[in-house]
Amino acid sequence: MEAAVRRAGRRREEITLVAVTKMFPASTVRTAYEAGLREFGENYVREFEGKRPELADLAGARFHLIGHLQSNKAQRAAGLFDVIQTVDSPKLARRLSQAAQREIEVMLEVKLGGEEAKSGARPEDLPALMETLASCPGLRLTGLMTMPPWSEAAEESRPYFRALRELAVRHGLAGLSMGMSHDLEVAIEEGATHVRVGSAIFGPRRQP
Ligand SMILES: *Cc1c(COP(=O)(O)O)cnc(C)c1O
């Protein structure tokens, strides 16, 4: 991160490291917290429901949902997470708003990889989605999130990261959640404000 920040002429404080702890036990989250990390990413509502009670004492820790969220799980997710990065439909936004007991930060997940991507809103759907969010009490929209089609080569992600930044600028949004273990440097060069890093911190994980 430091190297990419320097190359890009940015400041380290502009970028939040979200430590992705999916498929690791609560004890791993605790160890990372003790090492100074405060922002954590999880993919599955049910898995995090199991870990959350063990983490209740981690003052200042914030938990991001970075996996796809079905609207029938919106209520449970609203009670568990501080940030939901994967809002991709008006229906999901309304359900989260109805369930929000305190302010939840949200990001809109954008599908830039064409048809093979399963989740995420299409870029052309963003205006309607933003309009819905403007009338959703309890939700604060802070930015866009994307996951490019998988490739070993980090450079392959660059056009998607650039496209996400252009969309965010066009829609007046400051947050950009993009970049994972293998392509976080490219993402930082392209303006990421949040990188979601799992295996580069914690090593390989079990498959779900
Ligand atoms: C698992 C996951 C990550 C982290 O992936 P790594 O390659 O382990 O860094 C980031 N973002 C999303 C959406 C994920 O599902």
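The residue numbers shown here count from 1 along each chain, following its written sequence. Thresholds applied to this predicted model are a pLDDT of at least 70 for local features of residues and 80 or more for the giving and counting of side-chain atom pairs; totals over whole chains, interfaces and linings are not thresholded and use all residues. Where side-chain values are given, they derive from all heavy atoms of the structure, hydrogens and water being excluded.

Asks: A description of the overall build of the protein chain should follow, citing residues and the corresponding values.
Replies: By definition, any uninterrupted DSSP run of H or I lasting at least four residues is a helix, any uninterrupted run of E lasting at least two residues is a strand, and each is numbered from the N terminus. Secondary structure summary: the protein chain contains 9 helices and 8 strands in total. Its C-alpha atoms give the protein chain a radius of gyration of 16 Å, within 12% of the compact-globule value 17 Å for 208 residues. Relative accessibility thresholds used throughout: buried, under 20% of the residue-type maximum; exposed, over 50%; partly exposed, between the two (1.4 Å probe, protein chains only). Within the protein chain, the proportion of its 208 residues that are buried is 51%. Nonlocal contacts in the protein chain, meaning residues at least 24 apart in sequence, comprise 54% of its contacts between residues at least 6 apart. Summed over its atoms, the accessible surface of the protein chain is roughly 10200 Å², and 49% of this surface lies on carbon and sulfur atoms. Counting 29 positive and 28 negative side-chain charges, the protein chain places the averaged centre of each group 4 Å from the other. Computation of the radius of gyration draws on C-alpha atoms, with the globule rule given as 2.2 Å multiplied by the number of residues to the power 0.38. Contacts are residue-level and defined by heavy atoms, with any inter-residue pair within 4.5 Å sufficient. Surface exposure here means Shrake-Rupley accessible area, sampled with a 1.4 Å probe, where a residue is shielded only by the protein chains that are shown. Charge assignment in this entry is limited to Lys and Arg as positive and Asp and Glu as negative, and neither His nor the chain termini are counted. Note that the charge is assigned to NZ on lysines, CZ on arginines, CG on aspartates and CD on glutamates.

Asks: Describe in detail the environment of Leu108, supporting the description with residues and values.
Replies: With respect to the secondary-structure elements, Leu108 resides in strand β5 (residues 104-109). Filtering out sequence-adjacent residues up to four positions away, Leu108 remains in contact with Gln85, Val87, Leu126, Leu129, Met130, Leu133, Leu141, Gly143, Leu144 and Met145.

Asks: Please set out the site of the ligand residue by residue, giving values where relevant.
Replies: We call a residue near a molecule or strand when any one of its heavy atoms sits within 4 Å of it. Contacts to the ligand come from 13 residues, most closely from Lys22, Asn43, Ser181, Ser199 and Arg205. Identification of polar contacts relies on pairs of N or O atoms within 3.5 Å, with a donor-acceptor requirement for protein atoms, meaning one able to donate a hydrogen and the other able to accept it, and with residues adjacent in sequence counted only if both atoms are side-chain atoms. Between the ligand and Gly198 there is a distance of 2.8 Å, counted from an oxygen atom to a backbone nitrogen or oxygen. With respect to the ligand, the side chain of Arg205 contributes an N or O atom lying 2.7 Å from an oxygen atom. In isolation the ligand has 390 Å² of accessible area, and contact with the protein removes 93% of it. Put simply, Ala, Val, Leu, Ile, Met, Phe, Trp, Tyr, Cys and Pro go in the nonpolar bin, Asp, Glu, Lys and Arg in the charged bin, and everything else, Gly too, in the polar bin. When its residues are assigned to classes, the shell around the ligand shows 6 nonpolar, 4 polar and 3 charged.

Asks: Please set out the packing of helix α5 (residues 90-99) against helix α6 (residues 126-134) residue by residue, giving values where relevant.
Replies: At a minimum axis distance of 9 Å, the contact between α5 and α6 shows a crossing angle of 15 degrees. Between α5 and α6, the crossing angle belongs to the class labelled roughly parallel. Between α5 and α6 the crossing geometry is right-handed. Counting all contacts with α5, which are made through Pro90, Ala93 and Arg94, the residues of α6 involved are Leu129, Thr132 and Leu133. Taken together, the residues of the contact of α5 with α6 break down into 4 nonpolar, 1 polar and 1 charged. Inter-axis angles, ranging from 0 to 180 degrees, are taken between N-to-C directions of lines fitted to C-alpha atoms, where helices are fitted over the stretch in contact. Throughout, the term roughly parallel applies to angles under 35 degrees, roughly antiparallel to angles over 145, roughly perpendicular to angles from 65 to 115, and oblique to all others. Take the far helix as your reference; a near helix turned counterclockwise from it by less than a right angle gives a left-handed crossing, and one turned clockwise gives a right-handed crossing.

Asks: Explain the layout of surface pockets residue by residue, including any values.
Replies: Of the volumes computed, that of the largest pocket is approximately 860 Å³. Here the lining of the largest pocket is built from residues that sort into 15 nonpolar, 11 polar and 9 charged. Here the term cavity refers to a set of points on a 1 Å grid, laid over the protein atoms alone, in which a 1.4 Å probe fits but cannot get out; the term pocket refers to an open set having protein on both sides within 12 Å along at least five of seven lines, with lining residues being those that place an atom within 4 Å of a point. Grid points are joined across faces, edges and corners, and a volume is the space filled by probe spheres set on the points.

Asks: Can you explain the pairing of strand β1 (residues 16-20)? Please cite residues and give values.
Replies: Of all 5 residues in β1, 4 are buried; the element is thus mostly enclosed. Of the strand pairs in this sheet, β1 and strand β8 (residues 194-197) are connected by 4 bridges, and their pairing is parallel. Bridge assignment links Thr16 to a residue of β8, and that residue is His194. As paired elements, β1 and strand β2 (residues 39-42) share 2 bridges and run parallel to each other. Across the sheet, residue Val20 finds its bridge partner in β2, namely Gly41. With respect to chirality, the unit in which β1 leads through helix α2 (residues 26-34) into the neighbouring parallel β2 is right-handed. Note: two strands are recorded as paired if DSSP finds a minimum of 2 bridges between them. A clockwise path from the first strand over the helix to the second, with the strands pointing away from the viewer, defines a right-handed crossover.

Asks: Residue-level account of the pairing of strand β3 (residues 62-65), with values.
Replies: Pairing of β2 with β3 involves 4 bridges; the strand directions are parallel. Bridging across to β3, Glu39 finds its partner in Arg62. Crossover β3 to strand β4 (residues 83-87) through helix α4 (residues 74-80) is right-handed.

Asks: Break down helix α7 (residues 158-170) for me, citing the residues and quoting the values.
Replies: Helix span, as expected, comes to 1.5 Å for every residue beyond the first. Here α7 contains 13 residues, and its C-alpha end-to-end distance of 18 Å stays within 8% of the 18 Å for a straight helix at 1.5 Å per residue. Those residues of α7 not exposed but buried are Arg158, Phe161, Leu164, Leu167 and Ala168. Contacts made by the buried residues of α7 are with α6, β6 (139-145), β7 (175-177) and α8 (184-189).

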